[in-house]
Amino acid sequence: MRTRTVALALIAAIFLPLLSFQGAGAVPVAVPAPEEVLGFRPGDDRKLASWRQVVDYFRRLDAASERVRFEELGKTTMGAPFVMATISAPENLARLEEYKKIQQRLADPRLLDAYPDREAARLIARGKTIVLITCGIHSTEVGSYLSSMLIAHRLASSDEPVVREILRNTIVLLVPSLNPDGVDIVKNWYDKTLGTPFEGTEPPELYHKYTGHDDNRDWYAFTQRETRITVEKIHNIWHPQIVHDIHQQGAAGSRLFLPPYMQPVEPNVPKQIVEGYTQLGLAMKDELRAEGFKGITWDSTYDAWTPSRAYSHYHGGVRILSETASAKLATPVTIRPEDLRAGLGYDARKASANFPDVWPGGEWRLRDITNYMTRAAFSLLSHAARNRELWLRRFYEIGKEAVRPRKPGELFAFVIPPSKNKGYMVRGQGNIDFLAGALLEAGVEVFESKAFTAGGVRYPAGTLVVPMAQPYGAFAKTVLEAQKYPDIRDAEGRPQPPYDVTAHTLSLLTGVEARPVFSPFRFQKVAEKGYGWNGGCGDGVPPRRAIYRSHVPSMDEGWTRFVLDEQSKCINYLSLEDKEVRAGNLNRRFDTIIIPDQSPRLILEGYRPGAMPPELTGGMGAEGVRALREFVEAGGTLVCLNKASDFAIEQLKLPLRDVTEGLKRTEFYSPGSILRTELDTTHPLAAGMPRESIAWVENSPVFEISDAKEAGRVRVIARYPANSDALLSGWLLGGERLRGRAALVEVKLGKGRVILFGFRPQYRGQSLATYPLFFNALRP
């Protein structure tokens, strides 16, 4: 009998944690492990799940576990379900609406009673730490979405004390992929090339229909459907204290990055956020190091400068970015010690203060990636559970500081006067509406006012007012003021590159005047500003325009398609690939061809032989160049954006040179900045525009005529000011080299013309101020 009792106890200990009871009298259902649904365990070599399989797995978790609620939040750009799992103790899931209300009141202390600190203390005692875990925004970083199933399964099935504490004290919002479309784009390519010499290569297309890797650079303009779903249905509803954003990085550096971030930190990020991500990141690395995980770095590589990747930093929550070393998608790699490389702020080959445990090299598999990811995630969740009160109190303090009344001399508000010139209309909406819409999407209060006086200036009715004393005033300030990126140099005096770009002044990008006012003023609200996204359009006219589409994916090509599909006045186009260019006779089909921003070498040569299947290699080649020349000489218009302009100058032998070519970063550097330009408004491209405009300059060419005898073929449409600083926002070194030089030119060639933009006029779907130049260039 004793033997039987022990055996039954052992069976119960093993299997009871895997059972979830769906109420009194319900039949227990075993919580499925991922391998039972997928046919393999996430992290197995050479195995990727489809998005349908991922969704199916979470649906089964929802059916089997009373700890999981799974829901579809909307549809992606390509129509796939965008989903989220909410995971917590059953008693917490039964009171989700109560916890949402607690979050809302702590986020906006104006909603509290006459004794806000006292009520806040009561709410903090009842509330839970809200943790949002986001996976798979970059779809070639495959460990992330696979790890989401491992994380969810442990939370749904385990009876470990640490898991019980997490479930009791936190509510976990788990998004298996922020880019579901990319899951299948990558899996389909991987499966197609499995067992071939091209196994583990990245797909020859963007893994988001429009943005590719830029899909996490959209978190202040909110142009993409997936971004808006996440903001509207998760961030703005739940106001998470912690966002764990799980990523991968290159294979030859550290095994794992965790915060704190390296400098610079964007100055509007609250000090409590910096304190929070520093505390949590260091606690996570200490815990992982103690368990023997090697190759962890912090305070390196990644900064906290731009809101484009850190929405939560302006909404009361820390962003814990983790970056785990990659394999070749799901294929193992072998990294020799000599293959390891130095990164920004550390060297993977030697120990240092922020990289103490060198990974010695060796085989690196998808299983290693999922092990690092899942262990880091549970370290984060455990900290969130153990320090529940600390996280909620810090969250409240951020909100309390944000809504306090402003003193004289502090920034009181931004005012946005109405403009007689609506500017470029994005799907029927003016530039001001686009800017106001982005602010409203972020939860910022924007009021339309009757006439008022502020700072000695009389403003007419219809002026928009954005007060700073509100929960997300810091977000508004960040995107309405000019950035002054610090001049950070390395030991040799070279500029330290930003992780992304240095400017995010949405008011400048949209061409909208936003005036800061530093003294209190009264204004009479007409209403809170309203805003909504419209649908697309199509005029049914057969397109005579083409966008060149290299087999080497270009994010700028994707953004160009997005702008024409979603933001233009029905400008139709076709995509044009290398073999079609090489075939020639382009005038028969097209009047205008656009070459988006891409390096001249990639346009000309594409993938080199052996790097990809033969049909995807070779670029335009000499045949394509000859066909383009014939197209233009016969009357066509070739429009080149940013670095593609250098391709046209070189290959079509245009009488121009790029004055920045060959310069060192210490001599000239503009890593994503907004510069001032002056337009020739008598030219049709600039018709109806103000004389002063902007240019988004990022590794951009600057033009001057190279052959005086050919000057008559060249007309300058935009140039940098000759007698003043061109920098409006961001970072610019060697700006004197720009003075009086051309930023946009038209060059005659035979019966046609080549239009060279020395900037990105349709930058990430944000630079509405320069859309008219771009769209006018597309007209016959």
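Quick notes on the rules
- Residues numbered from 1 in each chain as written.
- Predicted model: local features only at pLDDT ≥ 70, side-chain atom pairs only at ≥ 80, totals over all residues.
- Heavy atoms only, no water.
- Helix = DSSP H or I, 4+ residues; strand = E, 2+ residues; numbered from the N terminus.
- Rg over C-alpha atoms; globule rule 2.2 N^0.38 Å.
- Buried < 20%, exposed > 50% of the residue type's maximum accessible area, 1.4 Å probe, protein only.
- Areas by Shrake-Rupley, 256 points an atom, 1.4 Å probe, with all protein chains shown as cover.
- Salt bridge = Lys/Arg side-chain N within 4 Å of Asp/Glu carboxyl O.
- Core = buried A, V, L, I, M, F, W, Y, C linked by side-chain atoms within 4.5 Å.
- Contact = heavy atoms within 4.5 Å.
- Pairing = 2+ DSSP bridges.
- pLDDT = per-residue confidence, 0-100.
- 1 Å grid on protein atoms, 1.4 Å probe; cavity = no way out; pocket = protein on both sides within 12 Å on 5 of 7 lines; lining within 4 Å.
- Points joined across faces, edges and corners; volume = space filled by probe spheres on them.
- Nonpolar A, V, L, I, M, F, W, Y, C, P; charged D, E, K, R; others polar.

Turning our attention to the overall build of the chain. When you go through the chain residue by residue, the secondary structure sums to 22 helices and 35 strands. The C-alpha atoms of the chain give a radius of gyration of 28 Å, which matches the 28 Å a tight globule of 780 residues would have. Considered along the principal axes of its C-alpha atoms, the chain spans approximately 105 × 70 × 55 Å. Classification of the 780 residues of the chain by burial places 60% in the buried group. Working note: accessible area of the chain is about 29,800 Å², and carbon and sulfur atoms make up 51% of it.

What follows covers the pattern of salt bridges. With the rule as written, the count across this model stands at 57 salt bridges. With a shortest N-O distance of 3.4 Å, Arg393 and Glu389 are connected by a salt bridge. You can see Arg393 and its partner Glu389 sitting in helix α13 (residues 388-403), four residues apart, about one turn around the helix. The class for Glu389 is partly exposed, based on a relative accessible area of 45%. For Arg608, the salt bridge goes to Glu605, with nearest N and O atoms at 3.4 Å. According to the relative accessible area criterion, Arg608 is partly exposed, its value standing at 47%.

Phe58 and Phe475 are the most contacted members of the largest nonpolar core, which totals 151 residues. Per-element accounting of this core gives the leading share, 11 residues, to helix α12 (residues 366-386). Once residues within four sequence positions are removed from consideration, Phe475 is found in contact with Trp219, Tyr220, Phe222, Tyr314, His315, Ala438, Leu439, Ala442 and Val444. Ranked by size, the runner-up nonpolar core spans 40 residues in total, among them Trp559, Leu564, Ala695 and Leu773.

Across the eight residues that make up strand β12 (residues 318-325), a large majority, eight, are buried. Residues Val318, Ile320, Ser322 and Thr324 line one face of β12 and the alternating positions Arg319, Leu321, Glu323 and Ala325 line the opposite face, and both faces are buried. Bridge analysis of strand β7 (residues 242-249) against β12 gives eight bridges, and the strand direction is parallel. Considered in β12, the bridge of Val243 is made with Arg319.

Turning our attention to unusual backbone geometry. Note on backbone geometry: most residues besides glycine have negative phi, and most peptide bonds are trans. Each neighbour pair has its own omega, and for Pro259 with Pro260 the value is 15°, a cis peptide bond. Mapped onto the elements of the fold, Pro260 is located in the loop between β8 (256-257) and β9 (262-265). A positive phi angle, near 55°, is found at Asn585, a position not held by glycine. Looking at where Asn585 falls in the secondary structure, it is placed in the loop between α18 (578-583) and β26 (592-595). Located in the positive-phi region is Asn699, a residue other than glycine, with phi close to 50°. With respect to the element layout, Asn699 can be found in the loop between β30 (692-698) and β31 (703-705). With relative accessibility at 51%, the residue Asn699 sits in the exposed group.

Before going further, it helps to spend a moment on the confidence of the model for the chain. Averaged over every residue, the pLDDT of the chain is 93; the share at 70 or more is 93%. Within the chain, strand β6 (residues 170-175) carries the highest mean pLDDT (99), whereas helix α1 (residues 2-15) carries the lowest (39). Note on residues 1-27: pLDDT is under 50 here. Beyond four places in sequence and across chains, it has 24 contacts. Here residues 532-536 is modelled with pLDDT under 50, and outside its nearest four sequence neighbours on either side it reaches 13 contacts, counting other chains as well.

Turning to the environment of Phe703, a few remarks are in order. Note that Phe703 resides in strand β31. Separated by 42 residues in sequence, Phe703 and Val745 have C-alpha atoms that sit 8.1 Å apart. Residue contacts for Phe703: discarding those within four places in its chain leaves Ser645, Ile649, Arg657, Arg741, Ala742, Ala743, Leu744, Val745, Leu756, Phe757 and Gly758.

The next subject is the layout of surface pockets. Estimated volume of the second largest pocket: approximately 720 Å³. The wall of the second largest pocket is formed by 36 residues, among which Thr140, Glu141, Glu202, Tyr207 and His213 lie closest to the centre. Mapped by element, the contributors of at least two residues to the lining of the second largest pocket are β7 and β12. Per-class residue counts for the lining of the second largest pocket are 12 nonpolar, 15 polar and nine charged.

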